Each structure stands twice: as C-alpha cells, then as structure tokens.
Amino acid sequence: MLEHIELFFKSIFIDNMVFATFLGMCSYLAVSKKVSTAVGLGAAVIFVLAVTVPVNWLLDQYILQPGALKWLGAEYADYDLSFLSFIMFIATIATMVQLVEIVVEKFSPALYNSLGIFLPLIAVNCAILGGSLFMQSREIPSIGLAFNYGLSSGIGWFLAILAIAAIREKIRYSNVPAPLRGLGITFIITGLMAIGFMSFGGMLTGGDEGAKEEAETAQVETVKKDTENKLANNTKVNE
Amino acid sequence: MGLLSKKDAKLITDPLADNNPITIQVLGICSALAITAQLKASIVMAISVMFVLGMGNVVISLIRNIIPSKIRIIVQLTVVAALVIIVDQVLKAFAYELSKTLSVFVGLIITNCIIMGRFEAFALGNGPWRSFLDGIGNALGYGIILVIVGFFRELLGSGTLLGFKVLGDPIEKTGLYALGYENNGFMLLSPMALIVVGIIIWVQRSRNKDLIED
C-alpha cells in the first residue's frame, strides 16, 4: 500500500511529466490557450495513460522482455524481443486510442463530444509513449503499480496544463514585451513553474538515500551526479 | 546551386530561420528540452532526427498514393517506429554510453511532432526528392536550436564543450576559474532549458518583427 502511495505522489509532483521530463510539451503549448480545452485534453490524457500503461506492461512482461516468452515453452526462453518495444508500444497506443474513441462514442456521447477532438491527437502525444517507455525503463514490478503509474502521471500532466492555461488566460491582460508575447513568455513561465516543482524533490526522501536515488529520472540522475561530484571536488579544494 | 533549383533550396533554408520547427511551428519541443544538457547529446539527437525525418519523408512520399487515408496515422507511426528502431540499435551498438544518456528520448523520436507534422503537411502531397529536402531542412532547423541550447547549457553549466574543458579546470583553478569564475550548475537542470528556449524565441522575434504574435 505504501509503495502505491509513494509512486502516486512521486509521479504527480516529483517526476511530473511536463516539468521534470518535458513529455507532451507540444500539445501542452498548443492547447493551453483556454482552460476549458485544457481540461478536456488533460482528462483524455489521464484516461489514455491509465489504459495504455498497464496494457503495455503486460506486453513487456509476457512478450518483449528477454526471456519473457518462457510461458510458450522452454525452447522460447532465450528470445529477446526488446528491440521491438517501440513498434509494439506505439501500435498498442494507436489501437487503444481508436478503441477508446469508439467505446466512448457508443456509450457516452456527451463525453465523446468534449473529448472527441482530442483523442486522435493523443496517439502522437509524447506523454503517452513516454509513460510506457518510462514504465519499461524503471522496471515497474506489478500491473497494479503500472496502472497507478499511468494514472498518476496523467494527473500530473493534467495539473500542469491546467495551471499554464489559467496563467495564460490571465497574462493576456499584462503588458508583456511584444517579441515575448505568446510562445516566448509561455516557455519562461513553464521554466519558472518547473523551478517551483523542483522543490517537491525532497518530499518523499525523508533522509533515505536509497529512495532518493530512485526518485530521480535517468537524466536528472546523471546531472545530479555531475553536480555532486563537482561539489565534492570543490569542497576538496576548499579543504 | 547547380544541383538544387531555387525552389528546392528554399525547402532547406526556410526552416532554418523564418519557419523554424521549434521556435515558429512549435513542434518537437520535448526532446529539444530534455537532452540538451550536453552538446554531444544534442548533436547526436539532431543527427538521429535528420535520419528519421529524411528517410521517413521519402518512404511516406513513395507510398503516399496507396495509403488509405483513414489508417494513415498508423501507417506513418509504423514507418517512423521502424526507422527509430534502426537508430536505437545503431546507437546501442556504437555509442552505448550516449544511448544511456538519451535513455527513452530516442524512442520518443517516434512521437516527435516534427516528424508527424512534416509527413502530414508535406510528404503526403509531394514527390520523394522534394520531401527528402524538406525533411533534411526541417531536421536542420531543429538541430540548430538543439545545438544552440546545448552549447549554452554545457558551457555555462559545466564549463565544457563536447567534454573539453574550454574554460579551464575548476579543480586545478586554471583559466577563468583562476579569476574566481564558478559554473552555474543550475543550467544543467531542466527548468533552464525552457528559459533558454524562451530567450532564443525572444531574440529571434525581436530581430524579425513579422513573427510577433498579437
């Protein structure tokens, strides 16, 4: 239970898709002009992530990983199909998005009307594929956690687009320098928000070094290591 | 320009500045921001995208008349995914360290909006040679921004360029460091990528007033 809660908060705040790994920036910038459309897209992203990450987890576990085909018989045990992950994941995502679109259209026309136009866009949203790829590279151990990861990453993305849409609606009344208007100021605001979100980094560590290392994404990890080395070096020099 | 007619040359030069995929069309931002902490990673990423976009544009343009329009997105995704798998395998074989640094972002070339955007907007309606040029041009425009961001982030963040200590050695206190210069470690963290791109957009739009949004 505790690991579920930890993963949930970690994915929403610390590893926030937009602010820590820049996933789904294209639609984040393109669809954040109005709060109402941002909410629609955000909801669709939560939905699709929560569906595709567990499905891709199953694919990864039973087909793609080295040795995953063992259930077919001992002679399949040394197959390593992991080079096919990209094509399998993207095919799953494209199919699931189509399927979700059909199901939603059939059973909830109201939801379809509000999500409808965003669903096809989502197949090529990097946040969705990124969710599956991070699920794979972080070796999430169970399908429950995979679902949790998909759902909470989606919520993190939703929060980010909601926040920037609200800010952009207000900033229309401010006197921004002309060349910065629109895209430029959005980038800079997102940067400032990302700095804010960095402060969540200490939330779950509680002095536990092991947990802290896990909390960093691969990229931030190397950066951190670099800075830590440098700090260590600097202190050495100072001594 | 014997090889390229004027119109074809425009396909390459346009995306470099006035129709840049990142700063004007707002496509392909994710990877542009995430992997630019080092110049080397930015360059490799730019080359990978150039390969995928150039080849992909040619393939899509060759089969454009036989793709049923209803399933074209899936066809496009399959073509990109196949090309990206090639890039990923090559990187893993010849530059393993680098492929670790780039981590999932090689895979994310698949959903790089530049690629889908160019397929939809150009390759589906033009011949293979022009599509190839358009792909290369857009990848160059994307690469330029990556290299600029990577250059500043690595130079200011770790005082190196491509791993060479161009500003002197921070431990031995040579070069600039002898004067009391310190690296700005903050440049290596993710928020600064956004701010650097924001500043590039600012500079570009102040130089060319036509690009200003209302």
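Residues numbered from 1 in each chain as written. Chains lettered and ligands numbered in written order. Predicted model: local features only at pLDDT ≥ 70, side-chain atom pairs only at ≥ 80, totals over all residues. Heavy atoms only, no water.

Caption draft 1: Looking closely at the environment of B:Phe151. Residue and element names in this part refer to chain B. Looking at the secondary structure, you find Phe151 in helix α7 (residues 128-158). Sequence-wise, Phe151 and Val75 are 76 residues apart; in three dimensions their C-alpha atoms are separated by 36 Å. Residue contacts for Phe151: discarding those within four places in its chain leaves Leu39 and Leu161. (Helix = DSSP H or I, 4+ residues; strand = E, 2+ residues; numbered from the N terminus. Contact = heavy atoms within 4.5 Å.)

Caption draft 2: Molecular detail of unusual backbone geometry. Residue and element names in this part refer to chain A. A positive phi angle, near 60 degrees, is found at Phe22, a position not held by glycine. Assignment of secondary structure puts Phe22 in the loop between α2 (17-21) and α3 (25-30). On the basis of relative accessible area, Phe22 is assigned to the buried category, the value being 0%. With a phi angle near 50 degrees, Glu139 is a residue other than glycine that sits in the positive phi range. Looking at where Glu139 falls in the secondary structure, it is placed in the loop between α8 (126-137) and α9 (143-171). (Buried < 20%, exposed > 50% of the residue type's maximum accessible area, 1.4 Å probe, protein only.)

Caption draft 3: Molecular detail of the packing of helix α5 (residues 85-107) of chain A against α8(A). Residues and elements named next belong to chain A. Across the interface, α5 lies against α8 with an axial gap of 10 Å and an inter-helix angle of 135 degrees. With respect to their mutual orientation, α5 and α8 come out oblique. Between α5 and α8 lies a crossing whose hand is right-handed. Only Ile128, Leu129, Ser132, Leu133, Met135 and Gln136 of α8 make contact with α5, whose side of the interface consists of Ser85, Phe86, Phe89, Ile90 and Ile93. Looking at the contact of α5 with α8, its residues break down into eight nonpolar, three polar and no charged. (Axes fitted to C-alpha atoms, helices over the stretch in contact; angles between N-to-C directions. Parallel < 35°, antiparallel > 145°, perpendicular 65-115°, else oblique. Left-handed = near helix turned anticlockwise from the far one by under 90°. Nonpolar A, V, L, I, M, F, W, Y, C, P; charged D, E, K, R; others polar.)

Caption draft 4: Geometry of the interface of chain B and chain A. The interface of chain B with chain A comprises 52 residues on the first partner and 47 residues on the second. Of the roughly 4300 Å² buried at the junction of chain B and chain A (both faces included), carbon and sulfur atoms supply 81%. Counting across the interface, chain B meets chain A through zero salt bridges. Mapped by element, the contributors of at least two residues to the side of chain B that touches chain A are α2 (29-34), α4 (72-94), α6 (113-121), α7 and α8 (190-207) of chain B. (Buried area = accessible area lost by both parts, 1.4 Å probe. Salt bridge = Lys/Arg side-chain N within 4 Å of Asp/Glu carboxyl O.)

Caption draft 5: Examining α4(B) more closely. The first and last C-alpha atoms of α4(B) sit 33 Å apart over 23 residues, in line with the 33 Å expected at 1.5 Å per residue. Of the residues making up α4(B), those classed as buried are B:Gln76, B:Leu77, B:Val79, B:Val80, B:Ala81, B:Leu83, B:Val84, B:Ile85, B:Val87, B:Asp88 and B:Leu91. Packed against the buried residues of α4(B) are α5 of chain A together with α3 (39-62), α5 (96-102) and α6 of chain B. (Expected span 1.5 Å × (residues − 1).)

Caption draft 6: A look at the packing of aromatic side chains. With the rule as written, the count across this model stands at nine aromatic pairs over all chains. Considering the side-chain rings of A:Phe8 and A:Phe9, the 5.6 Å spacing of their centres and the 85 degrees angle between planes classify their relative orientation as edge-to-face. Between the aromatic rings of B:Trp129 and B:Phe132, the centroid separation amounts to 6.0 Å while the plane-to-plane angle is 20 degrees, which identifies the pairing as stacked. Of this pair, B:Trp129 and B:Phe132 both sit in helix α7, separated by three residues, roughly a single helical turn. Residue class for B:Trp129 comes out partly exposed when judged on its relative accessible area of 44%. (Phe/Tyr/Trp six-rings, centres within 6.5 Å; stacked < 30°, edge-to-face > 60°.)

Caption draft 7: Main features of a nonpolar patch on the surface. A cluster of nonpolar side chains, A:Leu58, A:Tyr62, A:Trp71, A:Leu72, A:Tyr76, A:Tyr79 and A:Ile143, forms an exposed patch at the surface whose accessible area comes to about 700 Å². Judged by its relative accessible area of 43%, A:Tyr79 falls in the partly exposed class. (Patch = residues over 30% accessible without salt bridge, like charges linked within 9 Å, V, L, I, M, F, W, Y side chains within 5 Å. Areas by Shrake-Rupley, 256 points an atom, 1.4 Å probe, with all protein chains shown as cover.)

Caption draft 8: Region of the structure containing the environment of B:Asn65. As for its placement among the helices and strands, B:Asn65 is situated in the loop between α3 and α4. When the C-alpha atoms of B:Asn65 and B:Gly125 are compared, they prove to be 9.1 Å apart, with 60 residues separating the residues in sequence.

Caption draft 9: Spotlight on the packing of helix α10 (residues 183-198) of chain A against α8(B). Where α10(A) meets α8(B), the axes come as close as 8 Å, and the angle between the chain directions of the two elements is 165 degrees. Here α10(A) is positioned roughly antiparallel relative to α8(B), judged by the angle of their axes. For α10(A) against α8(B), the interelement crossing comes out left-handed. Between α10(A) and α8(B), the contacting residues are A:Leu183, A:Gly184, A:Phe187, A:Ile188, A:Thr190, A:Gly191, A:Leu192, A:Ala194, A:Ile195 and A:Met198 on the first element and B:Pro191, B:Leu194, B:Ile195, B:Val197, B:Gly198, B:Ile201 and B:Arg205 on the second.

Caption draft 10: The pattern of salt bridges, seen in detail. Per the stated rule, a full pass over the model turns up three salt bridges over all chains. Here A:Asp15 ties to A:Arg138 by a salt bridge, and the two come within 3.5 Å at their closest N and O atoms. Of this pair, A:Asp15 sits in the loop between α1 (2-14) and α2 while A:Arg138 sits in the loop between α8 and α9, and the two are 123 residues apart along the sequence. Residue class for A:Asp15 comes out buried when judged on its relative accessible area of 10%. Residue classification places A:Arg138 among the partly exposed residues on the basis of a relative accessible area of 28%. With a closest N to O distance of 3.0 Å, B:Arg118 and B:Asp134 form a salt bridge. Of this pair, B:Arg118 sits in helix α6 while B:Asp134 sits in helix α7, placing them 16 residues apart in sequence. Each member of the pair B:Arg118 and B:Asp134 is classed as buried.

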